Amino acid sequence: MKKLIIGIAVFLVVLIAAAALLPYLFQDKVKQVLDKQIEKNIAAKVIYKTEDVDLSLFRNFPNLSLTVNNLTVIGQDSFQRDTLAALPAFSMGLDLMSVISGDELRVKSINLENPRIKLVVLKSGKANWDIFKTDTTQAPTDTTASEFKMAIKGWEIKNGTLVYEDLSLPMGLVAHHVNHTGSGDFEQNIFDLKSQTTADGFTMTYGGVNYLENTLLDADVTLAMDLNKALYTFKENKIRINEFPFGFDGTIAMPTENIDLDLTFKAAETDFKNILSIVPGMFTEKFKEVQTEGRMAFNGYLKGRSNEVSTPGFGIDLKVTDGRFKYPDLPQAATNINVDMQVDNSSGIVNNTKILINKFHLDLGKNPVDARIAINGLEPMQVDGNVKANINLTEMTKVFPVEGMTLRGLLNMDGTAKGTYSKTQMPVMSARLHLANGYVKSKDFPAPIQNLNFSSTVSNTTGNTNDTRIVVDRFNMLLDGEPLQGRVTIQDIDKPAFDAQIKGVLDLTKITKIFPLDDMTVTGRINANVAAKGKMTDVEAGRYDNLTASGNMQVNNLTYVSKDLPQGMKVNQAQVQFNNEKINVQQLNGTVGKSDVQVNGTISNYMGYLFSENQPMRGTLNLSSNHFDVNEWMVDEYSGKPTSSPTEGVVEVPADVDFVLNTSVKEVIYSNLKLNNTRGTVIIKDRIARLERVAFNTLGGSFVTSGSYNTQNLQRPLFTMGLDINNLDFKSAYNAFNTVKALAPIARLLDGQFSTDFNFSGELGKDMMPVFSTLTGKGVVEVIKAVVTNVKVLERISEVTNLDEVRNLIIENKDFGAEIVGGNLVVKPFDVQVRDIKMTIGGTNNINGDIAYVTALDVPTGKLGNALNAKLTSLTGLKDIKGTERVTLNLNIGGTLMAPKVALSGGSAKAQAKDLVQDVVQAKLGDAKADLKAKKQVVEDSLRAELDRKRTETEAKVQAEIEKKRLEAEARLKKQASEKLNSLFNRNKSKPATTPTETQPQPDSVKQ
């Protein structure tokens, strides 16, 4: 967090540094100055436009105002798809005289309007705000003599959004409509920093549980700042969440990379209604009308050091005495609310956390709820607790409003647990959950769920995980006249034995109207009669004969749409049968997104896939479709979420799937292509899709492809491809394929068709297009017919040689070899006959458009003019060129396709043209391969250096943690030794020897 604070300061200094030069620059130079400062100080992508930078004396007169609108900061590496900050309006008010003098810039104000800031910490501890460059080679400078000094007087944030997500804990904070003002004189070393903050939608999450949800935040805080000591002390402060006010006392010190906390906090008021306001679901528009009684006390502490290897100690103490609340429009109240809870962790080691709820009791009308629990440590966890409740759901709704819902039934809960919970142990426990005569009626659906009965037990009598037994011996319900019933028994947690059955109709349309689902829509009917019995050890070993599974399922009009699957899917009709080994999909027809699908086949190892980790679901399916749109299934390569644009994202191959798909699709939409009559086999395994002779027609040509697509690393998907193409139009290929555009741009100038047999491989980018610098491959291209006209290269050859014949060519039934090396296309020598001239062509071109070709022309000597003869004589040394029958001209071709450079480099009366070209092309091919090898070595060295750096960091952290634990163990041993010595001395003191007196008799005998 300290890096974040320092980083914000660095970011401000960057903008201030640019502002110092702005009055002396023209407007078109502003972006250049900012870019230079950003590149020097910030290791992230900062996006803005020149026209969004403004410097004005009038907006904030007499101060100088620097404004940057629509400023966006995007992270790097793991965060390169995440927006760290989006700042629609960022402005600074600068003291005009300080800018003119240039000695020291004084910032009078900083303003942000509608900022959106997202702070993320990965499980590894890497933070997305760690983007500020440090120069470790530069000696420390005297900041007092710096040209730029932080002299901020005030700042303001209007209508901001803040998201903090720490996956290493895991915890998160979200705040909407954040309004914040602050003031402080940073020119002084000692001053008061005053701030006021309000926000709504304030949510705090830990471990996937929202402890605060959509609450109101109002904070008025004053800190005493001592910049010399980097010590910050809480003075007057009032913080309120909903109606719950509290405050802090103590200090925060940051003299080094460590953050030392010595803080206490407590509730500012003791009314029970205050703490009730932050209970999820309680703080509604009617909360002010809720009648309450009772007292509460809340306090806690944060004390210790926070850094990469340690966290501060913490503690919370909450007590509620004789609490009561009643909604004015409901007949009964919740009474006798008593809570006594402590959370304590003085060491800062999270695993040492102790949670003690000595008492939890409330009466919902006449329905008591009691609980008690003591937890010592988190892993392993020592547990001792019990919970007991008897609730009449009808009476509960007379206490607590359940909007739009009618509930009936008797709910009974009784459970105890004592012992150790860990990966290998379970506490001794006995728990029972029972619902009788349940009834649920929603205003959104006319028919109720009735005859709802549920009976379950969880027990463990020994503390061994394999003795844990979970039994749902009865579940049944009736919805709109359709019954559903089931049962399940599970023995053992690690390697469970199971016995389950479900039978009846599940109408998802009706269920989800009664119980709406967040962020998803599910409809349809499932009619099932399925039973299964066996052991997971047999499932994992594939001993399906030891299992018993049978049944069938019919699905009608099943639809599913969610935020993770916005395309949606629909099963119009499906008929499925189950047995021990497999699921037989007799028929399934429906849609996925906009694409229709018809499926039949078999699925095996479905139990292993459902109930075990890393067990693949296997199968052979026949899939047919009239229209399938692949673009809908593009996902972001970092988040794995669907992309908003069909031109971005990668198609993810699912994990834990081992399938053979025999496909037959009349039309496939992929990127900007339409593939017709697609047939072939796709094998999906280990996140790799392999194509086996998948044939299709497109662009007037026929394709047969074999290859693989590998998404084991979603950020760097790999592919191999073998293409057998027949009768494809040159211009259509250029317009459709980016690879052709990049490596063979001459295709757009050719009229005709070609065929090819080519194999290549490489990486794919986020747009599912090849990363050209990674491409390698080789093959043969057959030119069926190509009419070559108006090509600048041929025009320049004609101008240099005075041979008009070569301006326009027709190439027929000619093939040539080619290789792709590191994104360079190497064309091996081939011959073209132009009347009585024989042309031999070969060379390379790259993705930048540069060409480097060699052309040898075997020409009758009589076609050469006097000037060219003279030049050849000087190049070859032959005194009588005209005396030879034919001569070979050597031409070097460079530049680009549209701006070629052609030069005569030599000639010969005897040399074979193909040999001349072959030597040059072979040299260029060798150079390309050597360059690719060098680039690969650089990448490997970089990866090795990064791995070494991470290993060094990890070893340092581990060593620090070991040293910390050694010191803790040493302290514990000293404490235990001290306690034992004290106990020994105190025991001796508590029983002193009796002092003989005259009235006390002496012992009869004494052993010496």
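Presented here is a report on the structure given in the accompanying data block. (Residues numbered from 1 in each chain as written. Predicted model: local features only at pLDDT ≥ 70, side-chain atom pairs only at ≥ 80, totals over all residues. Heavy atoms only, no water.)

Turning our attention to the packing of aromatic side chains. Applying the stated criterion to the full structure yields 20 aromatic pairs. Ring pairs connect the aromatic residues Phe234, Phe244, Phe246, Phe248, Phe265 and Phe298, which therefore count as one cluster. Looking at Arg408, its charged tip hangs above the ring of Tyr439, at a distance of 4.0 Å from the centre. One Lys or Arg, Lys741, reaches over the ring of Tyr734 and ends 5.9 Å from the middle of that ring. (Phe/Tyr/Trp six-rings, centres within 6.5 Å; stacked < 30°, edge-to-face > 60°. Lys NZ or Arg CZ within 6 Å of the ring centre and 35° of its normal.)

This part takes up a nonpolar patch on the surface. On the surface, a cluster of nonpolar side chains totalling about 570 Å² of accessible area is made up of Leu169, Met204, Tyr206, Val209, Tyr211, Val350 and Leu378. Counting only elements with at least two residues in the nonpolar patch, the list comes to strand 9 (190-206) and strand 10 (209-226). Note that Met204 resides in strand 9. On the basis of relative accessibility, which here comes to 30%, the residue Met204 falls in the partly exposed class. (Patch = residues over 30% accessible without salt bridge, like charges linked within 9 Å, V, L, I, M, F, W, Y side chains within 5 Å. Areas by Shrake-Rupley, 256 points an atom, 1.4 Å probe, with all protein chains shown as cover. Salt bridge = Lys/Arg side-chain N within 4 Å of Asp/Glu carboxyl O. Helix = DSSP H or I, 4+ residues; strand = E, 2+ residues; numbered from the N terminus. Buried < 20%, exposed > 50% of the residue type's maximum accessible area, 1.4 Å probe, protein only.)

Glancing now at the environment of Asp499. Its place among the elements puts Asp499 in strand 25 (residues 497-507). When the C-alpha atoms of Asp499 and Thr489 are compared, they prove to be 5.2 Å apart, with 10 residues separating the residues in sequence. At 3.2 Å, the side chain of Asp499 forms a polar contact with the side chain of Arg487. (Polar contact = N/O pair within 3.5 Å; in protein donor to acceptor, adjacent residues only side chain to side chain.)

With that out of the way, let us pick up the pairing of strand 18 (residues 367-376). Bridge count for strand 17 (residues 354-364) against strand 18 is 9 bridges, and the pairing is antiparallel. Residue pairing in the sheet places Ile355 in a bridge with Ile375 of strand 18. Adjacent in sequence and paired antiparallel, strand 17 and strand 18 are bridged by 2 residues, among which Gly365 carries a positive phi angle near 70°. Relative to strand 19 (residues 381-392), strand 18 runs antiparallel, the two sharing 8 bridges. Directly across from Ala374, in strand 19, lies its bridge partner Asp384. Where strand 18 folds back onto strand 19 in an antiparallel hairpin, the turn is made up of 4 residues, including Gly377, whose phi is positive at roughly 85°. (Pairing = 2+ DSSP bridges.)

Among the nonpolar cores identified, the biggest contains 103 residues, and Met607, Phe659, Ile684, Ile797, Met839 and Leu857 are the most heavily contacted of them. Three or more residues apiece are contributed to this core by two domains, here domain 3 (402-411 + 422-543) and domain 4 (574-710). Counting 91 residues, the second-largest nonpolar core is a separate cluster that includes Ala44, Val73, Met254 and Met296. (Core = buried A, V, L, I, M, F, W, Y, C linked by side-chain atoms within 4.5 Å. Domains from an automatic or database assignment.)

Take helix 11 (residues 792-801) next. Of all the residues in helix 11, the buried ones are Val793, Leu794, Ile797, Ser798 and Thr801. On an axial view of helix 11, the arc spanned by its buried residues comes to 140°, and they lie on one face. Immediately beyond the C-terminal end of helix 11, within one or two residues, lies Asn802, with a positive phi of roughly 60°. (Arc of directions from axis to C-beta.)

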